[in-house]
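Structural description and commentary
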Amino acid sequence: MEENWLKNIWHSTGTGFKLTLAVCTTALLTISVFAYVNIRSHSASLLAEVERHANQLSESVRLSTEYDMLLNHRDRVHESIKRVGNQRSIQRIRVMNKAGMIIYSSDAAEIGRMVDKKGESCYMCHAAGRPLERLEIKDRTRVFRPAPGSSRILGTITPIYNAPSCWTAACHAHPRDRVVLGVLDVTMPLAEVDKDIRRGQLEIAVFALSAILALSLITGFFVKRLVAAPVAELVEATRRIAGGELGHTIPERADDELGLLAKSFNKMTQKLSEARLQLVQSDKLASLGRLAAGVAHEINNPLTGVLTYSSFLLKRTKDRPDLQEDLKVIVHEAIRSREIVKSLLDFARQSVPRKGEADIAAIIVRAETVVGNQFSLKNIKMVKQLDPGLPKVKADAGQLEQVFMNLFVNAADAIGPGGGLITVSSSVLKLPPSAAAQVRKAVCPKRHSLIDAGTPIAGKPSVRLKVKGSGGEGFLHLSAIYGAGGQLCDLPRGAGGPEQFACPDCGLSLNNKNLACPKCGGVTYAFEAPPWGMFEGCAVKGCGWQRWQGADEAGHVEFVELRVSDTGCGIETDNLQKIFEPFYSTKGQKGTGLGLAVIWGIIDNHGGTISVESKVGAGTTFIVRLPVSA
Amino acid sequence: MKKRADILVIDDEPVITRAVQKVCAAEGMSVDMEDGGAAGLSRLEDSSYGLIICDLMMPGVGGEQFLAEAARLGVSTPVIIATGYATLENAVASLAHGAIDFIPKPFTSEELVAAVRRALRCDQLRREAAGGACPAQYHRLGCLSWAKAENEGSVLVGAGDLFIRSIAPLKSLELLRPGDETIQGSACAVAVSEDGDRHPVLCPVSGRIAEVNAAAAANPALLEKEPYSDGWLYRVLPSSLQEELGRLTQ
C-alpha cells in the first residue's frame, strides 16, 4: 500500500526533481559519514591530549615526591600534592597504599579513608581478583562519571613500585618482597574537553547541513535551468505539435545536447509541416482534378449550346450590323469559356510527363525567348547564373518549359512597370531518400501492373493487391510512398487481417513465404517495384513494416536546384502557403489562378519539389528541385 | 424502302441535338435526332443517313458501343464522334474503332459545318475508292493523319490523303514551329480550305517537333500531290512512340 503510494509519487515527479534528489541523497550520505568520522577523531584526539597530560602530570608528581618519600618527609609530600592538586585543571591527586588507604590527597578530608577495591580507581588492577603487578600505560587511564548527570572525569593510576632505595631507606617502612607499594591517582575534569567536543560536533553538523543545503539548491537551480526547463519546453512543444500547431518552434539556447535536441526538433517540425503541406496539396489537387473533370463534362453541353447558337446567329445576321457586335461578344466570351474549361481539363489530366533527357539550361533559354520580348518593354533585365556542368535531368522538356515560362511571367508581373531584375541560378545538391521514394511501377511476376490510379492515397496512385482473409476476400490499397504506412483494406469487418495476397489480374500469389514480418511476425507480401527491386511489407493493421532494399541502397538522391528570383513586390507571409492552391490569384481578371497549381503538379509528377521564399518589398524566389535520375 | 435523311444526331442533351439540327438545316441538310445510343441504333433499322454525329459519353449505349453495334449491323454510314469529355485518348480510340472524325465539344457552328462537310466528302471519296493507298508501315490516325517511324528514332508525320482530298483545294496551311510540343489527338496544324473553313489536322503522335517541312509550308498543294512522301508536315522526336503506335491503325 505504502509502497504503491511512494511509487506513484516517484512516477509523478519530474526528472529534474529526481536528479536533484539523487545528487542530494549521495551528498547527504557522503557528508554524514565524513562528519561522523571527523567528530570521532576530533573527540579521540582531544581525549588523548588530556590523557597524555594526565600521565605526564602523574609521572611528574611521582618523581617530585619520591625523594621526600624516601626521606619520609610526609608533610612535604603532602604539601607538594596539595599544591599541585589545587590547580584548576586537576580535580584531585591522591596516593593510596597497598591496603587501599588514602595516605596523601589534595583533598585533606579524604586522608586516612579506605578505598573500595571494587571502586573505579582500583578496578583496572583488581578486576580479575588477583591484583596486577604491571599496568600498561594505555590501561592506566579511565573515564567515568562520579554521579549520573555530572560531567565526565579522567583518572590516571600510576603504580608506585618497590625499589632498592625503598627497602634500604632509613624509615624501613617497606619490606623488600613487595612489588607495588601503592598507587598515585590523578583525576582531571573533562568538562572543558566535553564542551570542546560538543562545540566541534555542532560545528561539523552545521557545516554538513549547510553543505547539503547549498548543494541541493545549486544542483536544483542548475538542473532546473539546464535540464528541467528545456525538457519542459520540449514537452510543451510536442503537445502543441500533436495539437496541430506545426509552426511552433523551441528557442535554441545553447550548443549542448539539449540545444542540439531543440535544433533537430525544430528542423523536424519544419520538415513535418512541409511534408504535410505537400500531402494536403497532393490531396487537394487530386480532388480538384476530379471536380474539374466533372465540371468540364457538365459545363460542356450548355456551353456547346451557347457557342453553336451564337455563332450560328452571327452567321445568319450578316445583314444586321446592330446585332453583329453583340453576337460577336457572346461568341468571343463563349470561346473564352471554352479555353478556361480546356485549361481546367489540362490541369485535371495533369498529363503524365513524357520524360526524356532534358537540358535544363536549354529549356530555360527557350522559355526566356518566348516571354523575353515583354521583358524589354517593361524594363526588366534577366540574369542567368547557370552551372555549365549541370547534369541532364529525366524530364518532360515541354512541361518544364511551361513551368519556367510561367515563373518568368509571374516574376515580371510582380516587378511591375518600374522595371527590375530576374535572376535564374542553378546548383546540384544531394538529399536523403527518406519518404521521398515513391513506388511508380509495381508488377506481379507475370508483369501485370499493380498500380491503381483510381484509388489514390494522399493524392498519389496506390498499389492494389487482392487479399484473402479468414472471413472473405477484397482489395488492399497501399500508399505509394515508401514507409508512409497508408493503406486501405476492404475486407469485411471482423474477418481478420489479410492472409493471402495475389495479383488482381492473374491471381498469382504475392505472399512472401520466406519471411515473417520482423516487427510483428505477421504474413508479408512482396512484389517487384522497378527500378529498385522487391518491395516487401506487412499488412497487419498498425504494424506497417515495409522494406524496399533498392531504395534504401540507392541512398542520397541527386537533385538539380533552380532558383528563380525577382526584385518584385514580394508576397505576404500569410499568402505564401496559399499560392500553390488552385484558383488562388492576385492578378484578378488577368489570371485563372491555376498557373502555380499546374506548375506544382508538373514538378510533383517529375518527383521534384517546388517551394517559395519571399520578402515583401524585396522580392520572391521560387526554388525548383528536380531529381537527376528520376 | 428505308427512310432517308442526311444526318442523324445522337446526344443525351437536347440543346446539342437541336443546335446541330438548326445549323445543319441552315446548310440545307435534313436532320433526325435521338437522345441515346440504343434509340439511335433502332432508328438505323428503318432509316438510312449520310452521316451520324454521336456523343461519346451517354448513359446506356455510349459512343464506342454505338460504333461497335453499328459495325456489327453492317451500317457503313460515317460517324463523327463528339465528346464533351475531351480526353484525347477517347478521341483516338474512337477513330481506331471506325469513326471518320472527332469533334471536341464545345464547338462553333463553323467548326461543326466544316467537320460535317469534310466527313461527307471524305466518305464520298472513300466510296469511290478514290483515295491513294496508304503505304505499309505507315500508322494512321483514322483517315486524318499518318506517322512513319524513321531509322534514327524520329517520326515523320503527315496528313492523310483522304483528309486532304476532302478539303482540297487548300488555300493555306498553318503549322507549328520547331521545338513545339505535340500531343496525340490534338491539332498540330490547321488546313484552310478554299471556302475558308478551318480544318484541324490531329497529330498521330506526341513529342517535340524537330523539323517542319518548309516546302509544304510554302506550297500547300504539295500535300495534295504527294501526301505520303514530299507532302509530310513534321519530323517529330516522339516521347512514347511504342505505346502510341498501338492506338493507331496500320
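Numbering of residues begins from 1 in every chain and follows the order in which that chain's sequence is written. A letter from A marks each chain and a number from 1 marks each ligand, given out in the order of writing. Per-residue local features of the predicted model are confined to residues with pLDDT of at least 70, and side-chain atom pairs are confined, for both listing and counting, to 80 or more; whole-chain, interface and lining totals are unaffected and use all residues. In computing side-chain properties, one takes all heavy atoms of the structure into account and sets aside hydrogens as well as water.

1. With respect to the overall build of chain B
When helices and strands are tallied, chain B shows nine helices and 14 strands. Accessibility here uses a 1.4 Å probe with only protein chains present; expressed as a share of the type maximum, an area under 20% marks a residue as buried, one over 50% as exposed, and anything in between as partly exposed. For chain B, the residues scored as buried account for 54% of the 250 residues in total. Residue pairs at least 24 apart in sequence account for 64% of intrachain contacts in chain B once pairs closer than 6 positions are excluded. What sets the accessible areas is the Shrake-Rupley method with a 1.4 Å probe; for residues, cover comes only from the shown protein chains. On chain B, roughly 10,300 Å² of surface is accessible, and the fraction owed to carbon and sulfur atoms is 50%. Where helices and strands are cited, they refer to DSSP runs of H or I of at least four residues and of E of at least two residues respectively, numbered from the N terminus. Only heavy atoms enter the contact rule, under which two residues are in contact if any of them lie within 4.5 Å.

2. Considering the interface of chain A and chain B
Of the residues lining the interface, 23 residues belong to chain A; the matching set on chain B comes to 30 residues. Polar contact criterion, stated in full: a pair of N or O atoms within 3.5 Å, where within protein one must be able to donate a hydrogen and the other to accept it, and residues adjacent in sequence count only if both atoms are side-chain atoms. Linking chain A to chain B there are seven residue pairs in polar contact (both at pLDDT 80 or more). Secondary-structure elements contributing two or more residues to the side of chain A that touches chain B are helix 7 (257-316), helix 8 (321-349) and helix 10 (397-415) of chain A. When residues of the side of chain A that touches chain B are assigned to their parent elements, the largest contribution, 14 residues, is made by helix 7 of chain A. Its residues assigned to classes, the side of chain A that touches chain B comprises nine nonpolar, eight polar and six charged. For this scheme, ten residues count as nonpolar: Ala, Val, Leu, Ile, Met, Phe, Trp, Tyr, Cys and Pro. Four count as charged, namely Asp, Glu, Lys and Arg, and the remainder, Gly too, count as polar.

3. What to know about the nonpolar core
We define the nonpolar core as a collection of buried residues of types Ala, Val, Leu, Ile, Met, Phe, Trp, Tyr and Cys that are connected through side-chain atoms lying within 4.5 Å of one another. Within the largest apolar cluster, 49 residues are counted, with the highest numbers of intra-cluster contacts made by Ile52(B), Cys54(B), Phe66(B), Val205(B), Leu223(B) and Tyr234(B). Counting 42 residues, the second largest nonpolar core, distinct from the first, contains Val393(A), Leu576(A), Phe580(A) and Val624(A).

4. Let's talk about the sheet that holds strand 7 (residues 145-149) of chain B
All names here are of chain B. Think of it this way: DSSP has to see at least two bridges between two strands before they count as a pair. Spatially, 6-7-8-14-13-10 is the arrangement adopted by the six strands of the open sheet, whose pairing is antiparallel. Edge positions in the sheet fall to strand 6 (139-141) and strand 10 (181-182), since each of these pairs with one other strand and no more. Pairing analysis gives five bridges linking strand 7 to strand 8 (residues 155-159), with the strands arranged antiparallel. Paired with Ala149 across the bridge in strand 8 is Val155.

5. Some remarks on a positive patch on the surface
Residues and elements named next belong to chain A. Side chains of Lys355, Lys394, Arg440 and Lys441 sit close together on the surface and give a patch of like positive charge. Locating Arg440 in the fold gives a position in the loop between strand 9 (420-431) and strand 10 (451-457). Of the residues examined, Arg440 reaches a relative accessible area of 41% and is grouped as partly exposed. Surface patches are drawn from residues lacking salt bridges whose relative accessible area is over 30%; two like charges belong together within 9 Å, two nonpolar side chains (Val, Leu, Ile, Met, Phe, Trp, Tyr) within 5 Å. Criterion for a salt bridge: a side-chain nitrogen of Lys or Arg within 4 Å of a carboxyl oxygen of Asp or Glu. Positive charges come from Lys and Arg, negative ones from Asp and Glu, while His and the chain ends are left out of the count. A charge is said to be at NZ when it belongs to Lys, at CZ for Arg, at CG for Asp and at CD for Glu.

6. Structural notes on the packing of helix 1 (residues 14-26) of chain B against helix 5 (residues 109-127) of chain B
All names here are of chain B. Think of each axis as a best-fit line through the C-alpha atoms, taken over the contacting stretch in the case of a helix, with angles from 0 to 180 degrees between the N-to-C directions. Between helix 1 and helix 5, the least distance of the axes is 10 Å, while the angle of their chain directions is 70°. As judged from the angle between their axes, helix 1 and helix 5 are roughly perpendicular. Classified by chirality, the crossing of helix 5 by helix 1 is right-handed. Two secondary-structure elements touch here, helix 1 through Val20, Val23 and Cys24 and helix 5 through Ser109, Leu112, Val113 and Val116. Taken together, the residues of the contact of helix 1 with helix 5 break down into six nonpolar, one polar and no charged. Reported orientations rely on four angle classes, namely roughly parallel under 35 degrees, roughly antiparallel over 145, roughly perpendicular from 65 to 115, and oblique for the rest. Note: crossing handedness is left-handed where the near helix turns anticlockwise from the far helix by less than a right angle, and right-handed where it turns clockwise.

7. Here we look at the state of the cysteines
Residue and element names in this part refer to chain A. A pair of cysteine sulfur atoms is labelled a disulfide when the two atoms are within 2.5 Å. Applying the stated criterion across every chain, the model contains zero disulfides over all chains. A disulfide-free cysteine, Cys520 has its sulfur positioned 3.5 Å from the sulfur of Cys543, the nearest such atom. With relative accessibility at 40%, the residue Cys520 sits in the partly exposed group.

8. A look at unusual backbone geometry
Residues and elements named next belong to chain B. Put simply, Lys105 and Pro106 share a cis peptide bond, and its omega is 0°. With respect to the helices, strands and loops of the structure, Pro106 is situated in the loop between strand 5 (101-104) and helix 5. The residue after Ala168, namely Pro169, is reached through a cis peptide bond having omega -5°. Take Pro169: it is sitting in the loop between helix 6 (161-167) and strand 9 (170-175).

9. Overview of the packing of aromatic side chains
Only centres within 6.5 Å qualify two rings of Phe, Tyr or Trp (six-membered ring in Trp) as a pair; their planes then separate them into stacked at under 30 degrees, edge-to-face at over 60, and tilted for everything else. For the coordinates displayed, the defined rule picks out nine aromatic pairs over all chains. Each ring, one from Tyr138(B) and one from Trp146(B), has its centre 4.8 Å from the other, and the planes form 40°; the classification is tilted. Across this residue pair, the class does not change: Tyr138(B) and Trp146(B) are buried. Ring pairs connect the aromatic residues Phe501(A), Tyr525(A), Phe527(A), Phe535(A) and Trp548(A), which therefore count as one cluster. A positively charged side chain is recorded as over a ring if its NZ (Lys) or CZ (Arg) lies within 6 Å of the ring centre. The angle to the ring normal must also be within 35 degrees. The ring of Phe475(A) carries Arg464(A) above its face, with NZ or CZ at 4.7 Å from the centroid. The ring of Trp232(B) has Arg235(B) lying over it, and the distance from NZ or CZ to the ring centre is 5.2 Å.

10. Observations concerning the packing of helix 2 (residues 37-46) of chain B against helix 3 (residues 63-72) of chain B
Residue and element names in this part refer to chain B. Close contact between helix 2 and helix 3 brings their axes to 10 Å; oriented N to C, the two are set at 20°. Here helix 3 runs roughly parallel to helix 2, going by the angle between their axes. Considering only the axes of helix 2 and helix 3, their crossing is right-handed. Along the contact surface, helix 2 presents Gly37, Gly40, Leu41 and Leu44, while helix 3 presents Phe66, Glu69 and Ala70. Classifying every residue of the contact of helix 2 with helix 3 by side-chain character gives four nonpolar, two polar and one charged.

11. A word on the environment of Gln402(A)
Residue and element names in this part refer to chain A. With respect to the helices and strands, Gln402 occurs in helix 10. Overall, Gln402 belongs to the partly exposed group, its relative accessible area being 35%. Here the alpha-carbon distance between Gln402 and Ile363, two residues 39 residues apart in the chain, equals 9.3 Å. If we ignore the near neighbours within four places in the chain, the residues touching Gln402 are Val598 and Ile602.

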